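Spelled out, the chains give:
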Amino acid sequence: MKQAIVASFLSCVLLVVAGCSVTASNEPSSSATNQTTNLYVVNSEVEKDKFIAAGKTTFTDIQQAVNFAPSQGATIHIEPGVYKQRVEINKSNISLVGRDRDNTVIEYGLYAGFIDPEKGKKIGTFGTATFRVTEANFTAKNITIANSFDYPANEKLDKTHPDRIKGEQAVALQISGNADKSLFLNVSLLGYQDTLYANSGRSAFIDSKISGHVDFIFGAGTVWFENSEIVSLRRFKKVKYSGYITAPSTRIQTPYGFVFYNCKLTREEGVADGSVPLGRPWHPTTTFSDGRYADPFAVANAVFIRTYMDAHIATEGWSSMGGTAKDGGKKTQFTPEAARFFEYQNTGAGAEYDRDITPEIRRQLSDFEFEQFYTKSAVLNGWLN
């Protein structure tokens, strides 16, 4: 008995020295590599003790659970609560499963103008993500991911106010690096400018909700949106357009960018009729051998299919976007006509337009094009059917 107590004590000491926060010992053995590893994240130490008592490997920090997961992946179950932290999915085959989408929230509040205390310079848009997926075969279900930077409060400040922040881009979810086959089921993304940065591989959002205003779905990735609500949020200054739903930077060799199927484009109270284009073509400033300028090989692709559009959608449908000129002068304007923007059988006041004035902008797919090229399987190259 005394030897057992001493052995237990030494084990605890080793765990502390190793810096491991796990207080349950049911890590899978090497003989169970084909079985799903189930990990748990709770929002309090009291709940953690209860889960541990039930023999479950439990954390109060999502990133610790991801780091602890074995190389073959794991399912991480997240209990309701607000988790104020940043998370990076840096392993393949990870699933995050919440029990209650609207009450299981991962949030953080970085913004592009935030000064990195170590580097002494702004972190920029791509350093702001609350949640980042950088490896393949990730699934999220029943959770909310938010960037909590208070864009409206900042926008309401006078431009001369000492507290006014420059650099309001604030990403909630970033899909980049080696990410591919990223699946989001009943997920909510909350943000304002640049909510979802989908820049790598194939992703799908099904039965989900995405909120924002300026370019709030952007990047070079291929993404299928199905049965999802896309919510445009209001602005607090006078602008021609209160926002743009998409800003794709699809590579010219990539056949599909953002495809919305059977979705709903809705708005927050205060968003005016006709104030939100479906998207604009983003040509990221890129360094080439002959200079740094807007990437000519980024040819935006976005398609809305059988989607309900409320009256906030601009009659002209799409908009132009400026990009860094090659000669270093004024910005080059990239028009929607030069992008791959299409629609098919959409409904609602926002889907209406004057076919004699804007047919070259609000281009419609033919029945043949839709049936042959815009199935889920075709867009996602056989990943989902």
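Residues numbered from 1 in each chain as written. Predicted model: local features only at pLDDT ≥ 70, side-chain atom pairs only at ≥ 80, totals over all residues. Heavy atoms only, no water.

### Quick look at the pattern of salt bridges
Rules: Here, a salt bridge means any Lys or Arg side-chain nitrogen found within 4 Å of an Asp or Glu carboxyl oxygen. Going along the chain from the N terminus, every DSSP run of H or I of four or more residues is numbered as a helix, and every run of E of two or more is numbered as a strand. The buried label goes to any residue with under 20% of its type's maximum accessible area, the exposed label to any with over 50%, and the partly exposed label to all in between, with areas taken from a 1.4 Å probe on protein chains only.
Enumeration according to the criterion identifies 13 salt bridges in this entry. The shortest N-O distance in the salt bridge between Arg280 and Asp215 comes to 2.8 Å. In this pair, Arg280 is assigned in the loop between β22 (264-267) and β23 (285-288) and Asp215 in the loop between β16 (209-212) and β17 (217-219), connecting sequence segments 65 residues apart. Arg251 is the salt-bridge partner of Asp295, the closest N and O atoms lying 2.3 Å from each other. Of this pair, Asp295 sits in the loop between β24 (291-294) and β25 (301-305) while Arg251 sits in the loop between β20 (246-248) and β21 (258-261), and the two are 44 residues apart along the sequence. Accessibility expressed as a relative area gives 29% for Arg251, which makes it partly exposed.

### Topic: the confidence of the model for the protein chain
Note the cut-off: Predictor confidence is given residue by residue as pLDDT, running from a minimum of 0 to a maximum of 100. Throughout, a contact is declared for two residues whenever any of their heavy atoms are within 4.5 Å.
Taken over all residues, the pLDDT of the protein chain has a mean of 91, while the share at 70 or more is 90%. For the stretch residues 1-33, pLDDT sits under 50, and the model shows 21 contacts to residues farther than four places along the chain or on other chains.

### Let's talk about the sheet that holds β22
The test is simple: Only strands that DSSP links by at least two bridges are regarded as paired with each other.
If you trace the 8 strands from one edge of the open sheet to the other, you get β4-β7-β10-β13-β16-β19-β22-β26, paired in parallel fashion. Each edge of the sheet is formed by a strand with only one pairing partner; in this case those strands are β4 (81-84) and β26 (308-309). Looking at chain direction, strand β10 (residues 144-147) and strand β13 (residues 188-190) are connected through 3 bridges and run parallel. Each bridged residue has a counterpart across the sheet, and for Thr144 the counterpart in β13 is Ser188.

### Observations regarding the side chain of Ser242
With respect to the helices and strands, Ser242 occurs in the loop between β19 (229-232) and β20. Not counting chain neighbours up to four residues away, the residues in contact with Ser242 comprise His213, Val214, Arg235, Val271, Ser275 and Val276.

### A few points about the sheet that holds strand β2 (residues 58-59)
Read from one edge to the other, the open sheet built from 11 strands follows the order β2-β1-β3-β6-β9-β12-β15-β18-β21-β25-β29, with strand pairing classed as parallel. Strands with a single pairing partner mark the edges of an open sheet, and in this sheet they are β2 and β29 (340-344).

### Focus on the pairing of β24
Strand direction decides the pairing type here: β23 and β24, joined by 4 bridges, are antiparallel. Bridge assignment links Phe288 to a residue of β24, and that residue is Gly291.

### Overview of unusual backbone geometry
Of note in the backbone geometry, Asn137 takes a positive phi value of approximately 60° without being a glycine. As for its placement among the helices and strands, Asn137 is situated in the loop between β8 (131-133) and β9 (139-141). The phi dihedral of Asn381 is positive, around 55°, even though this residue is not glycine. Within the secondary structure layout, Asn381 lies in the segment after α6 (376-379).

### A closer look at the pairing of β29
The element β29 is largely enclosed, with a buried count of 4 among its 5 residues. In the sheet, β25 pairs with β29 via 5 bridges, with the strands oriented parallel. Residue Phe304 lies in a different strand from β29, and its bridge partner there is Glu343.

### Structural notes on empty space enclosed by the protein
Formally: Cavity: a set of points on a 1 Å grid over the protein atoms alone where a 1.4 Å probe fits but cannot get out. Pocket: an open set with protein on both sides within 12 Å along at least five of seven lines, its lining residues, like those of a cavity, having an atom within 4 Å of a point. Grid points are joined across faces, edges and corners, and a volume is the space filled by probe spheres set on the points. Each residue gets one label: Ala, Val, Leu, Ile, Met, Phe, Trp, Tyr, Cys and Pro are nonpolar, Asp, Glu, Lys and Arg are charged, and the others, such as Gly, are polar.
Per the stated rule, a full pass over the model turns up 1 cavity of 30 Å³ or more. Reported here for the largest cavity is a volume of approximately 30 Å³. Lining the largest cavity we find Asn147, Phe149, Tyr151, Glu168, Ala170, Gly191, Tyr192 and Gln193. Across the lining of the largest cavity, the residue classes break down as 4 nonpolar, 3 polar and 1 charged.

### Side note on the nonpolar core
Our working rule: We call a set of buried residues a nonpolar core when its members are Ala, Val, Leu, Ile, Met, Phe, Trp, Tyr or Cys and they connect through side-chain atoms within 4.5 Å of each other.
By size, the foremost hydrophobic cluster in this structure holds 56 residues, and its most contacted members are Leu96, Phe131, Leu173, Leu196, Phe205, Ile217 and Phe225. When neighbours within four sequence positions are excluded, Leu173 is seen to be in contact with Phe131, Val133, Ile145, Phe184, Leu189, Thr195, Leu196, Tyr197 and Phe205. Formed by 16 residues, the second largest nonpolar core is a distinct cluster that contains Ile206, Val303, Leu365 and Leu380.

### Looking at the layout of surface pockets
When its volume is computed, the largest pocket comes out at roughly 430 Å³. The wall of the largest pocket is formed by 20 residues, among which Phe126, Gln169, Trp282, Pro284 and Met321 lie closest to the centre. Here the residues of the lining of the largest pocket sort into 7 nonpolar, 8 polar and 5 charged.

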